[in-house]
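Structural overview
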Amino acid sequence: MNLAIIGCGFVAEFYGKTLGNYPHLKLIGAYDCNANNLQSFLQRWPCRAYASLEEITSDPTVEMILNLTNPRSHFDVTRRCLEAGKHVYSEKPLAMNSALARDLVDLAARKKLYLGAAPCSLLSETAQTIWKAIKDGTIGKVRLVYGNFDDGMIAPKMSPWTWLNKAGVPWPAKDEFEVGCTFEHAGYILTWLGAFFGAATHVTSFASCQILDKGIPVETMAPDFTVGCIEYGDGVVARVTCSLVAPKDKSLTIIGDDGVLTVADVRNDRGPVCVRPTPPRGRAVGIERRVNRFRRALHLNRADQDWHLEKKVLFARQPTGQLVGDGKQVDFCRGPAEMAEAIREGRPCRLSAQFAWHITEMVEALQYPDVMGGRKKLTSTFDPIDPLPWLK
């Protein structure tokens, strides 16, 4: 699959670093309206430098485009790529509101093209292991989920506008503050929950800007704290929090009738999954039997790890491939690789356009409760997502 990248800013480095995990993906070119960013990217990941978006979309050898531009450019760039007949994998979010996201979904359907969006970490060893534990009933019926994506009070004291990636490209602080941490990061939790529990039905949220002056001039300041309750089928409720205020916490806790699953960091593709029984006495023997069955299904044994109820389930399989590192233990190219495989195999992509639209509608409801209404009924949905083959 021949790929081209549009947008060589901060995040492009992460895609370049993990592209080598997938030999079937071939990067043939890149474009950025910022010439310095483009040259910095090409020095680390050599490929053709396109002179314009029109040149890249008119090249018949380009099959898929990775849209890595800033969020407020996602809609326009993706629309132009789809109109030119290219499959598109976009960085999150798919668009800056659910109406525009739906327009892209409809356009891709009319053009019979694949369209999907990050984040792709629901394909990770960690997320897939949690998913299997839930499906196998390891903790009984799931009742409640707590998800957090708090990055700490990074501004103004940490001066994040001075942060540089390995290519020397600065972190886009102004854009991040104006777009909002919820639009930028809630997807890391919401995509996992969508895979585990299906489409959500309602979102009830609260949003606030707690730190009005983050140290640099901005046009508008998005909420830096949101908290929402999300309702799924079968009575599952999730409380999801995002902020640039509270101490760093990117954990996920899933509470079932018979136990609790926890992950310390949803940004770690290879993070351990912990399980503990509830209550600690009485029915603990029952959950231990289910956990042992779960381990046998994954071909794990005590030689793999000294494991018991209060310790950790590590991975559902031996992980391979390069991760970004530097606080982001993530394989950013899992998503483009999944889409390329789906195109070649003629099957639905696990990161589908409908799924990206649904996540966009949820993020919009979380960040803008005053516009979207107190308890918003979601209109978008998506087909159930299949686990990866090694998990079945």
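Residues numbered from 1 in each chain as written. Predicted model: local features only at pLDDT ≥ 70, side-chain atom pairs only at ≥ 80, totals over all residues. Heavy atoms only, no water.

What follows covers empty space enclosed by the protein. By the definition in use, this model includes four cavities of 30 Å³ or more. Mapped by element, the contributors of at least two residues to the lining of the largest cavity are helix 9 (187-197) and helix 12 (353-367). Broken down by element, the residue count for the lining of the largest cavity peaks at five residues, all from helix 12. Residue classes in the lining of the largest cavity are distributed as eleven nonpolar, four polar and one charged. By volume, the second largest cavity is sized at about 60 Å³. Lining the second largest cavity, in full, are Tyr15, Glu91, Lys92, Ala118, Pro119, Cys120, Ser121, Tyr188, Val330 and Phe332. By residue class, the composition of the lining of the second largest cavity is seven nonpolar, one polar and two charged. (1 Å grid on protein atoms, 1.4 Å probe; cavity = no way out; pocket = protein on both sides within 12 Å on 5 of 7 lines; lining within 4 Å. Points joined across faces, edges and corners; volume = space filled by probe spheres on them. Helix = DSSP H or I, 4+ residues; strand = E, 2+ residues; numbered from the N terminus. Nonpolar A, V, L, I, M, F, W, Y, C, P; charged D, E, K, R; others polar.)

This part takes up unusual backbone geometry. Residue proline 93 follows lysine 92 across a cis peptide bond; omega there is -10°. Tracing the backbone shows proline 93 in the loop between strand 5 (87-90) and helix 5 (98-111). Here the bond from alanine 155 into proline 156 is cis, since omega is 10°, no more than 30 degrees from zero. Position of proline 156 among the secondary structure elements: in the loop between strand 7 (142-150) and helix 7 (173-179). Even without a glycine there, the phi angle at aspartate 234 is positive, about 65°. When you line up the elements, aspartate 234 lands in the loop between strand 9 (225-231) and strand 10 (237-243).

Glancing now at the pattern of salt bridges. Tallying each qualifying case throughout the model produces 25 salt bridges. Aspartate 106 serves as the salt-bridge partner of arginine 102, at 4.0 Å between the closest nitrogen and oxygen. One end of the pair, arginine 102, and the other, aspartate 106, are both in helix 5, four residues apart, so they sit about a helical turn from each other. The shortest N-O distance in the salt bridge between arginine 334 and glutamate 125 comes to 2.9 Å. Here the residue arginine 334 occupies a position in helix 11 (residues 334-345), and glutamate 125 occupies one in helix 6 (residues 125-135), the gap between them amounting to 209 residues. Of the two residues, arginine 334 and glutamate 125, neither departs from the other in class, the shared state being buried. Three or more residues joined by partner-sharing salt bridges are found here, namely Glu54, Asp76, Arg79, Arg80 and Glu83. (Salt bridge = Lys/Arg side-chain N within 4 Å of Asp/Glu carboxyl O. Buried < 20%, exposed > 50% of the residue type's maximum accessible area, 1.4 Å probe, protein only.)

In terms of burial, strand 10 is a largely internal element, five of the seven residues being buried. Relative to strand 10, strand 7 runs parallel, the two being bridged by seven bridges. Each residue of the ladder has a partner; that of leucine 144, found in strand 10, is valine 237. In this structure, strand 9 lies alongside strand 10, joined through seven bridges in antiparallel fashion. (Pairing = 2+ DSSP bridges.)

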